[in-house]
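Each chain is listed here by its residues.
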Amino acid sequence: TAAAHDAACIFCKIIKGEIPSFKLIETPLTYSFLDIQPIAQGHVLIIPKYHGPRLHNIPDEYLSDILPVVKKLTKVLQLDDNDKLIGDGYNVLQNNGSIAHQVVEHVHFHLIPKKTEDTGLI
Ligand code: 5GP
Ligand code: ZN
């Protein structure tokens, strides 16, 4: 099946390299990169290479590829110079709809390192 694209979508443009990004891990069905406005050091976005606005719009094959990438990123990205996790924990967050604080209308998973001193929900 041909992947869906939206020529006007900023995350589709990032996948195609039309907008620069700090790429981390790319797989045939996923792309991950640093968030441009991180809420914590090491804030990463993981996206399917399929344009759909909500989680339920994305074919299972794309979704199946995402969590293994999230897992890898917790290891390869979130280590400091001493091999210690940048965070004391981390949140994985996926917003659907403006009421749920979604801004970019291409499904994305946030991976956000969490330090002991960060007491908020995210
Ligand atoms: P949302 O609120 O939709 O769940 O999160 C969208 C995220 O995308 C935000 O954290 C925002 O900083 C990030 N973002 C928006 N535009 C860009 C961009 O052009 N490049 C990168 N790297 N991140 C972006
Ligand atoms: Zn898109």
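Everything discussed here concerns the structure shown above.
Overview of the structure.

The rules behind the values
Residues numbered from 1 in each chain as written. Chains lettered and ligands numbered in written order. Predicted model: local features only at pLDDT ≥ 70, side-chain atom pairs only at ≥ 80, totals over all residues. Helix = DSSP H or I, 4+ residues; strand = E, 2+ residues; numbered from the N terminus. Buried ≥ 20, exposed ≤ 12 C-beta atoms within 10 Å, placed from the backbone. Contact = placed C-beta atoms within 7 Å. Core = buried A, V, L, I, M, F, W, Y, C linked by C-beta atoms within 7 Å. Pairing = 2+ DSSP bridges. Axes fitted to C-alpha atoms, helices over the stretch in contact; angles between N-to-C directions.

## So, the overall build of the chain
Then step 1. In terms of helices and strands, the chain carries two helices and five strands.
Then step 2. Each helix and strand of the chain, placed in order from N terminus to C terminus, yields the pattern α-β-β-β-α-β-β.
Then step 3. Across the 122 residues that make up the chain, the buried fraction comes to 24%.
Then step 4. Counted over contacts in the chain with a minimum sequence separation of 6, partners at least 24 positions apart contribute 58%.

## Details of unusual backbone geometry
Then step 1. In the Ramachandran plot, H101 falls in the positive-phi region, its phi being about 75 degrees despite a non-glycine side chain.
Then step 2. Relative to the elements of secondary structure, H101 occurs in the loop between β4 (89–93) and β5 (109–114).
Then step 3. Since 10 C-beta atoms lie within 10 Å of it, H101 is described here as exposed.

## A look at the nonpolar core
Then step 1. If you look at the biggest cluster of nonpolar residues, it comprises 20 residues, and the most contacted ones within it are F11, I15, V44, L45, I46, I47 and L111.
Then step 2. Looking at this core, the elements with two or more residues in it are α1 (10–16), β2 (30–34), β3 (44–48), α2 (60–76) and β5.
Then step 3. If we ignore the near neighbours within four places in the chain, the residues touching I15 are Y31 and K49.

## A few points about the sheet that holds β5
Then step 1. Taken together, the five strands give an open sheet; going across it, the order is β1-β2-β3-β5-β4, and neighbouring strands pair in antiparallel fashion. With one partner strand each, in any of the chains shown, β1 (23–26) and β4 form the two edges of the open sheet. Adjacent strand axes in the sheet meet at a mean angle of 20 degrees when their direction is disregarded.
Then step 2. With five bridges connecting them, β2 and β3 associate as antiparallel partners. From the neighbouring strand, T30 faces β3, where its bridge partner is P48.

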